[in-house]
Amino acid sequence: MERKEMFEKMAQAIVEGKKEEAAKLAQEAIQSGIPPLEAMDAFTKGIQIVGEKYEKGEFFLPELIMGGDAMKEALNILESEIKKRGEKRKTLGKVVIGTVEGDIHDIGKTIVASMLSANGFEVFDLGTDVTADAFIAKIKEVGANILGMSALLTTTMSNQAKTIKALSSEGLRDKVKVIVGGAPTSQSWAEEIGADGHGENAIEAVRVAKELVK
């Protein structure tokens with residue numbers, strides 16, 4: 001298979017949300033001597049198409065999830081190979097992400113984490129029910145420059161504000177950009193609590209993150 005044809009197949013595997021196919025093509029790329037960073041670019045084109053189709057209303061949430069999952073499979077293989085070679089993937093930034101304390105909703109946050117990773121960010125997903133202290137400890141540990149917080153309940157939204165205050169108390173606020181999201185949140189809520197951006201959905205969250213690291 002020619003390199004151009006293989007790159008097209010890689011992108012298509014992501015567009016069609018084929019996890020096994022994406023993993024197989026990632027392995028084939030390594031075996032055929034294609035640099036893993038180059039292969040990563042080919043898969044990234046696929047996830048960008050998925051994002052564009054979602055924004056146009058041609059794709060819906062299931063397709064977005066499937067595309068993100070396929071991308072994750074490919075990235076796992078390629079990132080492992082990059083580490084083995086002692087190379088480094090160029091990243092747009094380091095993101096610590098999680099659902100705030102008291103909230104165990106996972107799906108939206110996981111899709112955002114997956115899409116951020118697929119679009120060139122190094123992502124540290126802390127899961128759900130994450131305290132302000134846990135967010136801050138991870139930010140310090142990895143040197144993150146973006147914090148993403150999800151809240152799916154009106155009763156847990158205030159923990160986004162609480163975490164931003166804790167960031168300020170720790171002297172980290174000017175070093176870390178904050179994006180908030182979740183069903184009850186809004187742009188006006190983000191502004192009210194002093195966040196830097198609001199992600200209405202996964203595609204918007206990626207766009208905001210890219211803007212913030214420019």
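See the structure above.
Residues numbered from 1 in each chain as written. Predicted model: local features only at pLDDT ≥ 70, side-chain atom pairs only at ≥ 80, totals over all residues. Heavy atoms only, no water.

## Looking at the overall build of the protein chain
In step 1: Within the protein chain one finds 9 helices and 5 strands.
In step 2: Taken across its 214 residues, the protein chain has 49% of its residues classed as buried.
In step 3: Seen as two clouds, the 28 positive and the 34 negative side-chain charges of the protein chain have centres 4 Å apart. (Helix = DSSP H or I, 4+ residues; strand = E, 2+ residues; numbered from the N terminus. Buried < 20%, exposed > 50% of the residue type's maximum accessible area, 1.4 Å probe, protein only. Lys, Arg positive; Asp, Glu negative; His and termini not counted. Charge placed at Lys NZ, Arg CZ, Asp CG, Glu CD.)

## Things to note about the pattern of salt bridges
Working definition: two side chains of opposite charge can pair if their charged atoms are close together.
In step 1: Here the structure, examined in full by the defined rule, presents 15 salt bridges.
In step 2: As a salt-bridge pair, E81 and K84 come within 3.5 Å of each other at their nearest N and O atoms. With a gap of 3 residues between them, E81 and K84 both fall in helix α4 (residues 61-84), about one helical turn apart.
In step 3: In this structure E81 comes out as buried when scored by relative accessible area, which is 12%.
In step 4: K84 sits in the exposed class, given a relative accessible area of 67%. (Salt bridge = Lys/Arg side-chain N within 4 Å of Asp/Glu carboxyl O.)

## Brief notes about the environment of L126
In step 1: Among the secondary structure elements, L126 is positioned in the loop between β2 (122-125) and α6 (132-142).
In step 2: Looking at L126, the relative accessible area reads 28%, which means it is partly exposed.
In step 3: The spatial distance from the C-alpha of L126 to the C-alpha of T99 is 7.9 Å, given a sequence separation of 27 residues.
In step 4: Apart from the residues within four sequence positions on either side, L126 is in contact with V96, I97, A134, F135 and K138. (Contact = heavy atoms within 4.5 Å.)

## Comments concerning the environment of K140
In step 1: With respect to the helices and strands, the residue K140 is situated in helix α6.
In step 2: The exposure class of K140 is partly exposed, given its relative accessible area of 48%.
In step 3: It is 31 Å that separates the C-alpha atoms of K140 and G67, two residues lying 73 residues apart in sequence.
In step 4: Those residues within four positions of K140 in sequence are excluded, and the remaining contacts are E170 and L172.
In step 5: A distance of 2.6 Å separates a polar atom in the side chain of K140 from a polar atom in the side chain of E170. (Polar contact = N/O pair within 3.5 Å; in protein donor to acceptor, adjacent residues only side chain to side chain.)

## Remarks on the side chain of T156
In step 1: Here T156 shows up in the loop between β3 (146-150) and α7 (158-169).
In step 2: Setting aside anything within four residues of it in sequence, one finds T156 in contact with V100, E101, G102, D103 and A151.

## Some thoughts on the sheet that holds strand β4 (residues 177-181)
In step 1: Strand order in the open sheet formed by 5 strands is β2-β1-β3-β4-β5, and the pairing between neighbours is parallel. The outermost strands of the open sheet, each flanked by one partner alone, are β2 and β5 (197-199). In this sheet, neighbouring strand axes are inclined to one another by 25° on average, regardless of whether the strands run parallel or antiparallel.
In step 2: The pairing of β4 with β5 spans 3 bridges and is parallel. For I179, the partnering residue across the bridge sits in β5 and is G197.
In step 3: Across the face of the sheet, helix α5 (residues 107-118) comes into contact with β1 (94-99), β2 and β3 while running at roughly 170° to β1. (Pairing = 2+ DSSP bridges. Axes fitted to C-alpha atoms, helices over the stretch in contact; angles between N-to-C directions.)

## Some thoughts on the nonpolar core
In step 1: If you look at the biggest cluster of nonpolar residues, it comprises 45 residues, and the most contacted ones within it are M10, I14, F43, M115 and L116.
In step 2: Per element, the largest residue contribution to this core is 8 residues, and it comes from α4.
In step 3: Grouped together as the second largest cluster of nonpolar side chains are 26 residues, V96, L147, M149 and A195 included. (Core = buried A, V, L, I, M, F, W, Y, C linked by side-chain atoms within 4.5 Å.)

Keep in mind these values describe shape, not function.
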